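For reference, the chains in residue letters:
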Amino acid sequence: MKGYGLVLGGGGARGLAHLGVWEVLEAHDLRPAVVAGTSMGGLVGAFIAAGYRADELERLARSVSWRRLLDLRPTPGLIRQTTLSAWLAQHLPETFEELPTPLAITATDLLSGRAVYLTRGNLHDALRATTAYPGALEPVPYEDMLLSDGGILNQLPVDAALFLGARQVLAVNVTAPDPLELEGRRTLPWRRGARPWGRCAPCAGPWRSCRRS
C-alpha cells in the first residue's frame, strides 16, 4: 500500500483507538502519503502528518490535563478555547504548509450547512473547528464561515484523501455500531404459562394467536 491515504473518522474519545492503528502501521513501515480526518480523527491525523511516532502520541494523550482543559463555568462550551489553542501551539506547527505530510480535515459551515475541506492556512484554527463538537466547543469563525465539528456531515472523509491525490485508501471508522434490533421480539415480565412473543415457524403467524403453538 505504498503511497496510500490514511483516513481517520470521528468518534470522540473512541478516536483514541486511532493510536493503536497507527502503532501497527508504523511497525510495518506503512507511512501514508496523505492523511485525512474529521473531528478526533482530524486531530490525531494532524499529529501523524506532523511526524509523531505512535509511542510519542500515546505519551502525549496520557499527559493531557483534563482538569485544566475543561471549563465548568456557564459558558457556551465545556473546553477552554485558550487552553486548547495553547496546547496545539505547543505541539503542532501553525500552518498546514509546515506539515511534512499533506493533510485534509473536514468541518461543517453552520451558515451554509455545507461540508468544508481544510488543507491550507492556519492549522490550529482548522483543528479547533473540526473538533468543535456542539456543546463542548464553540463554533470557530473562519474567513466568512462559522465552522463546527466535521463529523456532523462527513464522519469518514475518504473523498478528502482522494482529493489530495491518494489512489488507495485505508479508512478507520471508530463510531459505535447501531444496536442490533430483532424484529418481532419484545421483553416482558415472565408469567407462568405465558407463551413467548415471536412468530410460529409453520404458519408464520404470531405465537400468541397461533393454535399450532
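Scoring rules and cut-offs
- Residues numbered from 1 in each chain as written.
- Predicted model: local features only at pLDDT ≥ 70, side-chain atom pairs only at ≥ 80, totals over all residues.
- Heavy atoms only, no water.
- Buried < 20%, exposed > 50% of the residue type's maximum accessible area, 1.4 Å probe, protein only.
- Helix = DSSP H or I, 4+ residues; strand = E, 2+ residues; numbered from the N terminus.
- Pairing = 2+ DSSP bridges.
- Salt bridge = Lys/Arg side-chain N within 4 Å of Asp/Glu carboxyl O.
- Contact = heavy atoms within 4.5 Å.
- Polar contact = N/O pair within 3.5 Å; in protein donor to acceptor, adjacent residues only side chain to side chain.
- Core = buried A, V, L, I, M, F, W, Y, C linked by side-chain atoms within 4.5 Å.
- UniProt positions renumbered as here; feature names shortened; annotations may be inferred.

Remarks on the pairing of strand β3 (residues 103-109)
1) Next: Here β3 lies mainly inside the structure; 7 of its 7 residues are buried.
2) Next: The alternating pattern of β3 places Leu 103, Ile 105, Ala 107 and Asp 109 and Ala 104, Thr 106 and Thr 108 on opposite faces, both of which are buried.
3) Next: Bridge count between strand β2 (residues 34-38) and β3: 4 bridges; the pairing is parallel. What sits directly across from Gly 37, in β3, is Ile 105.

Examining unusual backbone geometry
Phi is mostly negative for residues that are not glycine, and the peptide bonds are mostly trans.
1) Next: Its identity as a non-glycine residue notwithstanding, Asp 29 has a phi of 55°, on the positive side.
2) Next: With respect to the helices and strands, Asp 29 occurs in the loop between α1 (17-27) and β2.
3) Next: When its relative accessible area of 70% is taken as the criterion, Asp 29 is described as exposed.
4) Next: Of note in the backbone geometry, Glu 143 takes a positive phi value of approximately 55° without being a glycine.
5) Next: Mapping Glu 143 onto the fold places it in the loop between β5 (140-142) and β6 (145-149).

Here's the deal with the pattern of salt bridges
1) Next: Following the criterion strictly, the structure yields 5 salt bridges and no others.
2) Next: Across the salt bridge formed by Arg 59 and Asp 55, the nearest N and O atoms sit 3.6 Å from each other. Here Arg 59 pairs with Asp 55, and both are found in helix α3 (residues 54-63), just 4 residues apart, close to one helical turn.
3) Next: Overall, the relative accessible area of 33% leaves Asp 55 in the partly exposed class.

So, the environment of Gly 51
1) Next: With respect to the element layout, Gly 51 can be found in the loop between α2 (40-49) and α3.
2) Next: A C-alpha to C-alpha distance of 9.9 Å links Gly 51 and Leu 92, two positions 41 residues apart in sequence.
3) Next: If we skip the residues at most four places from it in the chain, Gly 51 touches Arg 31, Glu 56 and Pro 100.

Section: the side chain of Thr 38
1) Next: Mapped onto the elements of the fold, Thr 38 is located in strand β2.
2) Next: Exposure remark for Thr 38: the relative accessible area of 0% places this residue in the buried category.
3) Next: Here Asn 154 takes part through its backbone oxygen, which lies 3.4 Å from a polar atom of the side chain of Thr 38.
4) Next: Sequence-distant contacts of Thr 38, that is, excluding residues within four places in its chain, are made with Leu 8, Gly 9, Gly 10, Thr 106, Thr 130, Gly 150, Gly 151, Asn 154, Gln 155, Leu 156 and Pro 157.

Some words on the nonpolar core
1) Next: Leu 103 and Leu 118 are the most contacted members of the largest nonpolar core, which has 40 residues in total.
2) Next: Top element by residues in this core is α2. It accounts for 7 residues.
3) Next: Not counting chain neighbours up to four residues away, the residues in contact with Leu 103 comprise Val 35, Gly 45, Ala 46, Ala 49, Phe 96, Leu 118, Thr 119, Leu 123 and Leu 164.
4) Next: Core analysis: the next-biggest nonpolar cluster, separate from the first, contains 7 residues, Val 34, Ala 160, Ala 161 and Ala 166 among them.

Quick word on the pairing of β2
1) Next: The buried fraction of β2 amounts to 5 of the 5 residues, a majority that puts the element mostly inside the structure.
2) Next: Taking every second residue as pointing to the same face, both faces of β2 are buried, with Val 34, Ala 36 and Thr 38 on one and Val 35 and Gly 37 on the other.
3) Next: Pairing geometry for strand β1 (residues 5-8) and β2, over 4 bridges, is parallel. Its bridge partner lying in β2, Leu 8 is registered against Gly 37.

Examining the UniProt feature "active site" (unreviewed entry) in the protein chain
1) Next: The UniProt record marks Ser 39 and Asp 149 with the feature "active site" (unreviewed entry), using the residue numbering of this structure. The named residues occupy 111 residues along the chain; their greatest pairwise C-alpha distance, 5.9 Å, places them in one compact cluster.
2) Next: By the secondary structure assignment, Ser 39 is in the loop between β2 and α2.
3) Next: Setting aside residues no more than four positions away along its own chain, Ser 39 makes contact with Gly 10, Thr 130, Thr 131 and Asp 149.
4) Next: Inspection of the secondary structure puts Asp 149 in strand β6.
5) Next: Residue classification places Asp 149 among the buried positions, given a relative accessible area of 4%.
6) Next: With sequence-adjacent residues up to four places away left out, Asp 149 is seen in contact with Ser 39, Ala 107, Thr 108, Ala 129, Thr 130, Thr 131, Ala 132, Tyr 133 and Pro 134.
7) Next: Engagement of the side chain of Asp 149 in a polar contact is seen with the side chain of Ser 39, the distance being 3.0 Å.

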